[in-house]
Number of protein chains: 2
Amino acid sequence: MNRKQLIEQIRAKKSFLCIGLDSELEKIPKHLLTAQDPVFEFNKQIIDATHHLAVAYKPNTAFYEYRGIKGWESLQKTIEYLNQNYPEIFTIADAKRGDIGNTSKMYAKTFFSEMNFHSVTVAPYMGKDSVSPFLEFENKWVILLALTSNSGAFDFQFKELKESKNKLFEEVLKISQTWADPNRMMYVSGATKAQYLSDLRKIIPHHFLLVPGVGAQGGSLAEVAKYGLNSDVGLLVNSSRGIIFASQDKDFAQKAQNEASKLQKEMATFL
Amino acid sequence: MNRKQLIEQIRAKKSFLCIGLDSELEKIPKHLLTAQDPVFEFNKQIIDATHHLAVAYKPNTAFYEYRGIKGWESLQKTIEYLNQNYPEIFTIADAKRGDIGNTSKMYAKTFFSEMNFHSVTVAPYMGKDSVSPFLEFENKWVILLALTSNSGAFDFQFKELKESKNKLFEEVLKISQTWADPNRMMYVSGATKAQYLSDLRKIIPHHFLLVPGVGAQGGSLAEVAKYGLNSDVGLLVNSSRGIIFASQDKDFAQKAQNEASKLQKEMATFL
């Protein structure tokens, strides 16, 4: 999917909502456990109930891998279902991969060829050759970790560098800009640190940001919109647990729709 | 596996060799392709031919994931085979994972409960809470990326920080030391930068180092031993392609044994 198609979808739906499919088997409604693949059934019903309110879905690979082969099957069925039924939806493999070149090439194959996601989240620590193999696929995207929403973000990401005077996350933004333009790269920027979004926008005015941490992790949508929006919208705001686990009863899909709808309506006011 | 058991194995075998199972389907000998699971068959024969020369095996998860469910099956069979037949061997899931706490917890479950590896490689960019869930498992290890062996290591890892005057990889070593002691944590330190091992040993005299990059990537074993050995050996030196793809014919296991034997004999001279 290219940038133009993504922006058109956002404008049409008046939404920049990404729904995180952190679909832990132990947390899905009990009545689904008799299904052949309970996690896929859960995802399917969530997607069917919310696809008109969201522009992207982001399965977090950890929540599939911990069930081994069965989890991998649920993940593959989910991406196939999305691609077949909702081809306009932007898909994100939240995998946070990154390794030396010949290994990153294999991870790129995993998520872009084997599973046909539009994008994958990538960790920056190992530098350019750990990222560039992901950029060799047409109409696929790298979403690079810059500023994450967790407490550990303060351990390294905010440390100032001697020579450039940049904080580490700013250095990541500045250097990685030379690897790919805003049509091929986005950045993860945690919503719990919304006050830093304006600094970040000075470095990368045009890139899309994937913003986790709204809702369960405490980030404010209004703050994110205030500092993060650009002329092409430039935001994908993710909510996971606040939507998909809004109810653990038979009404879970309806309740998920209600929560997604609240966020979409708020987003529409900013567009 | 605890540190004492690992050191005893190293002393008994006079080897600190780790064999990287980067077992790409397209690169294994053609005669194996008729096997029910060619990659597992390849790994099994490599392991059987080299287990007395190596103390650790390190499947790189990317080389399994790119084949989807079939790849995940090959990986699971490989770790089961190692645990059942060679329980003295230290096993490393080279997965380079790392995410916010509740997600890292799932990755820890994946590699420690679902697959029963002894250790997993973890990326440091997201800080303490991305690493600590892996440390909650008894007799399991985190192998944290510090200094990697690729060209991209120079993009961020060598940048000097303003306040502490540490290079980023040194800062990672210093800060992460407060998260776990040398009985629970090791560090990745690339052999292609062996001259930095002495600086690194000043910061972490007691930790084990997992050193990739010897052989195919150009690192020297003698240099690594010179700067990296400590009183408990403290080194696991990895070789992947140089051993497992020494031959692509029917003699591949014998040739792998020959290459592993050369490295083991050289290692014995340093112990």
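Whatever comes next refers back to the structure up there.
Residues numbered from 1 in each chain as written. Chains lettered and ligands numbered in written order. Predicted model: local features only at pLDDT ≥ 70, side-chain atom pairs only at ≥ 80, totals over all residues.

## Comments concerning the interface of chain B and chain A
Accessible area lost upon the coming together of the parts serves often as the stated size of an interface.
1) Next: Between chain B and chain A, the residue contacts involve 48 residues of the former and 48 residues of the latter.
2) Next: With seven residues, helix H5 (residues 101-114) of chain B is the largest single contributor of residues to the side of chain B that touches chain A.
3) Next: Across the side of chain B that touches chain A, the residue classes tally to 19 nonpolar, 14 polar and 15 charged. (Contact = placed C-beta atoms within 7 Å. Helix = DSSP H or I, 4+ residues; strand = E, 2+ residues; numbered from the N terminus. Nonpolar A, V, L, I, M, F, W, Y, C, P; charged D, E, K, R; others polar.)

## Some words on the relation of the copies chain B and chain A
Put simply, the two copies of the chain differ by a rotation about an axis and a shift along that axis.
1) Next: Relative to chain A, chain B is turned by 180° and slid 0.0 Å along the rotation axis, the superposed coordinates differing by an RMSD of 0.0 Å. The transformation just described matches what one would write down for a two-fold rotation axis.
2) Next: When the interface residues of chain B are mapped onto chain A, 100% of them again lie at the interface, so the same face is used by both copies. (Least-squares fit on C-alpha atoms with pLDDT ≥ 70 in both.)

## Section: the sheet that holds strand S8 (residues 235-239) of chain A
All names here are of chain A.
1) Next: Sheet architecture is closed into a barrel: eight strands sit in the order S1-S2-S3-S4-S5-S6-S7-S8, paired in parallel fashion. For this sheet, the mean inter-axis angle between neighbouring strands, taken without regard to orientation, is 30°.
2) Next: Relative to strand S2 (residues 56-59), strand S1 (residues 17-21) runs parallel, the two being bridged by four bridges. When the bridges of S2 are listed, Ile19 appears paired with Tyr57.
3) Next: Against the sheet, helix H8 (residues 168-176) contacts strand S5 (141-147) and strand S6 (185-189), and its axis sits at roughly 150° relative to S5. (Pairing = 2+ DSSP bridges. Axes fitted to C-alpha atoms, helices over the stretch in contact; angles between N-to-C directions.)

## Some thoughts on the pairing of strand S2 (residues 56-59) of chain B
Residues and elements named next belong to chain B.
1) Next: Side chains of S2 alternate between two faces, with Ala56 and Lys58 and Tyr57 and Pro59 buried alike.
2) Next: Each parallel crossover has a hand, and for strand S1 (residues 17-21) linked through helix H2 (residues 38-50) to S2 it is right-handed.
3) Next: By the bridge criterion, two bridges tie S2 to strand S3 (residues 90-97) in an arrangement that is parallel. The residue bridging Tyr57 from the neighbouring strand is Thr91, located in S3. (Buried ≥ 20, exposed ≤ 12 C-beta atoms within 10 Å, placed from the backbone. Right-handed = clockwise from strand over helix to strand, strands pointing away.)

## Some details on the packing of helix H2 (residues 38-50) of chain A against helix H12 (residues 252-270) of chain A
All names here are of chain A.
1) Next: Where H2 meets H12, the axes come as close as 9 Å, and the angle between the chain directions of the two elements is 45°. Looking at the two axes, H2 sits oblique to H12. As for how H2 packs across H12, the hand of that crossing is right-handed. The segment H2 lies against H12, with Gln45, Ile46, Ala49 and Thr50 engaging Ala253, Gln254, Ala256, Gln257 and Ala260.
2) Next: Residues belonging to the contact of H2 with H12 are distributed by class as follows: five nonpolar, four polar and no charged. (Parallel < 35°, antiparallel > 145°, perpendicular 65-115°, else oblique. Left-handed = near helix turned anticlockwise from the far one by under 90°.)

Worth remembering: the numbers are spatial, not functional.
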